[in-house]
Amino acid sequence: MDVAERRGSLLIGSDLTMDVEMARRHRPLVVLLGPTAVGKSRVAIQVAKYLNTEILTADSRQVYRGMDIGTDKPTVEDRQVVPHQLLDLVSPDETFNTGWYRRAALEHIERLYVANRLPFVVGGTGLYIRTLVRGLCPAPQADPIVRAALKELKEQAGRQGLYAELTRVDPAAAARLHPNDESKVMRALEVFRLSGRLMSEMQDEHRFQEESFSPLLIGLQRTTETLYRRIDERIDWQLAHGMVEETRSLLERGYGRELGAMKGLGYRHIGAYLANECDEAEMVRLFKRDTRRFAKRQMTWFRKEPGVEWFLIDEGEAFEQVGRRVITRIEQFLHGHEAPKHSLA
């Protein structure tokens, strides 16, 4: 009998199944995470094919339509091999936040459970992964009037003024955020103005301790030298394959540089270059520098996440070999076994 025709088991491969009732009771969820350019996508496609499932993307930049080269979206060919979800959800000038991502992701997860498929989340946006696995603190939804007032404050006082206001009303939240992290600073202020409560207190009470799933979190990592080289090589590829033209097209369609989406890595650098604020060499240098810094921040975040099992990808190790290691760990997870210590970095 073909695996797709089996009944009474979670369909995850030619010879690996889990009882449906057990799946519904324990709600297994596999997450593949890691910094930008580490190689998640290549490994994920191999694993998803074996699992006979889809890829649920956890990337805060790939939700924007028309931003393809700069966000390293999967190609049309990749999507034909394995279905990818949670891409191209909004236009670059539309608002999108963690709560909306979580709701959309949960819908796909429930659909996969009904279809007897194992949910497989892949991405590098730590907050998306954390809130999906551990829940979202019950803060009030965004309010356009309050948000407009905060944007006006930012225009008048700048990012430092915005951060100073947060330091005044919620110093604990401010201490957790970088002054330049405008969206999170603004969100913490918005929560305070809407509810009268501190975002830091809400987070401390919630502590991201919901247990909606039985998750397996697998992290991919490389040596810093290798990762930075891969970042540089990917940026060179993006620039050689149309990212400047993609950015120019977005700007010509009215998506201004002030938009959050257009402030993302690469787009803001190319936007400055197209506005003659820097030359090409400086644009490339800053693009690579800021992407390396971003990868470092990602790793700092992920290392604080409990339960991540890290796989170090050796120099020269083929993606197929990495995929086999990941698949082996998933098999152990679904059969209730702990990870062998020697297989993890």
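Our structure's up above, just so we're on the same page.
Residues numbered from 1 in each chain as written. Predicted model: local features only at pLDDT ≥ 70, side-chain atom pairs only at ≥ 80, totals over all residues. Heavy atoms only, no water.

Focus: the overall build of the chain
Broken down by element type, the chain carries 14 helices and eight strands. Counting all 345 residues of the chain, 50% fall into the buried class. If you take every contact in the chain between residues at least 6 apart in sequence, the share linking residues at least 24 apart comes to 73%. Carbon and sulfur atoms make up 49% of the accessible area of the chain, which amounts to about 17200 Å² in all. (Helix = DSSP H or I, 4+ residues; strand = E, 2+ residues; numbered from the N terminus. Buried < 20%, exposed > 50% of the residue type's maximum accessible area, 1.4 Å probe, protein only. Contact = heavy atoms within 4.5 Å. Areas by Shrake-Rupley, 256 points an atom, 1.4 Å probe, with all protein chains shown as cover.)

Side note on the pattern of salt bridges
For the coordinates displayed, the defined rule picks out 26 salt bridges. As a salt-bridge pair, Arg111 and Glu54 come within 2.7 Å of each other at their nearest N and O atoms. You can see Arg111 sitting in helix H4 (residues 98-114) and its partner Glu54 sitting in the loop between helix H2 (40-51) and strand E4 (55-58), a full 57 residues away along the chain. In this structure Arg111 comes out as partly exposed when scored by relative accessible area, which is 35%. Look at Glu54 and you get buried, because its relative accessible area is 14%. Of the charged contacts, one joins Glu315 and Arg229 as a salt bridge, the two residues approaching to 3.2 Å between their closest N and O atoms. On the criterion of sequence distance, the pair formed by Glu315 in the loop between strand E8 (308-312) and helix H14 (319-334) and Arg229 in helix H10 (residues 224-240) is long-range, its members being 86 residues apart. (Salt bridge = Lys/Arg side-chain N within 4 Å of Asp/Glu carboxyl O.)

Topic: the packing of H10 against helix H13 (residues 280-304)
In helix packing, the relevant descriptors are the interaxial angle and the interaxial distance, both defined with respect to the helix axes. For the pair H10 and H13, interaxial distance at closest approach is 10 Å and the crossing angle is 135°. The orientation of H10 with respect to H13, classified from their angle, is oblique. In the crossing of H10 with H13, the sense of the turn from one axis to the other is right-handed. When H10 is examined against H13, the residues Leu227, Tyr228, Ile231, Asp232, Ile235, Asp236, Gln238 and Leu239 are found in contact with a partner set consisting of Met283, Val284, Phe287, Lys288, Thr291, Arg292, Ala295 and Lys296. (Axes fitted to C-alpha atoms, helices over the stretch in contact; angles between N-to-C directions. Parallel < 35°, antiparallel > 145°, perpendicular 65-115°, else oblique. Left-handed = near helix turned anticlockwise from the far one by under 90°.)

Description of the pairing of strand E7 (residues 214-221)
The element E7 is largely enclosed, with a buried count of six among its eight residues. Direction of pairing for strand E3 (residues 28-33) relative to E7: parallel, over a ladder of six bridges. Across the sheet, Leu32 pairs through a bridge with Ile218, a residue of E7. Across five bridges, E7 lies against E8 in parallel orientation. Residue pairing for E8: Leu220 is matched across the bridge by Phe311. (Pairing = 2+ DSSP bridges.)

A closer look at helix H12 (residues 267-274)
Residues of H12 that are buried include every one of Tyr267, His269, Ile270, Gly271 and Ala272, and no others. Among the structural elements, H10, helix H11 (243-252) and H13 are those in contact with the buried residues of H12. After H12 finishes, the residue Asn276 shows a positive phi value of roughly 60°.

Observations regarding the packing of aromatic side chains
Scanning the entire structure with this criterion turns up two aromatic pairs. A centroid spacing of 6.2 Å and a plane angle of 70° characterise the contact between Phe96 and Trp100, whose relative ring orientation is edge-to-face. Exposure remark for Phe96: the relative accessible area of 16% places this residue in the buried category. With 4.2 Å between their ring centres and 10° between their planes, Tyr101 and Tyr128 make a pair best called stacked. Placement of the pair is Tyr101 in helix H4 and Tyr128 in helix H5 (residues 126-134), with a sequence separation of 27 residues. Across the pair, Tyr128 and Tyr101 agree in class, each one buried. (Phe/Tyr/Trp six-rings, centres within 6.5 Å; stacked < 30°, edge-to-face > 60°.)

Structural notes on the sheet that holds strand E6 (residues 120-123)
Across the sheet, which stays open at both edges, the six strands sit in the order E5-E4-E6-E3-E7-E8 with parallel pairing between neighbours. Pairing within the sheet leaves two strands with one partner each, and these edge strands are strand E5 (84-85) and E8. Bridge count between E4 and E5: two bridges; the pairing is parallel. Following the sheet pairing, Leu56 is matched in E5 by Gln85. Most of the contacts of H2 go to E6, to which it runs at about 170°, and overall it touches E3, E4, E5, E6 and E7.

Considering the environment of Leu265
When you line up the elements, Leu265 lands in the loop between H11 and H12. The class of Leu265 is buried, set by a relative accessible area of 11%. On a C-alpha basis, the gap between Leu265 and Thr71 in space is 8.4 Å, while along the polypeptide they are 194 residues apart. What Leu265 contacts, discounting residues up to four positions off in sequence, is Arg61, Met243, Phe287, Asp290, Thr291 and Phe294.

Some points on the packing of helix H6 (residues 144-169) against helix H8 (residues 182-195)
H8 packs onto H6 with a crossing angle of 95° between their chain directions and a minimal axis gap of 9 Å. Taken together, the axis directions place H6 and H8 in an arrangement best described as roughly perpendicular. By residue class, the composition of the contact of H6 with H8 is 14 nonpolar, no polar and nine charged. (Nonpolar A, V, L, I, M, F, W, Y, C, P; charged D, E, K, R; others polar.)

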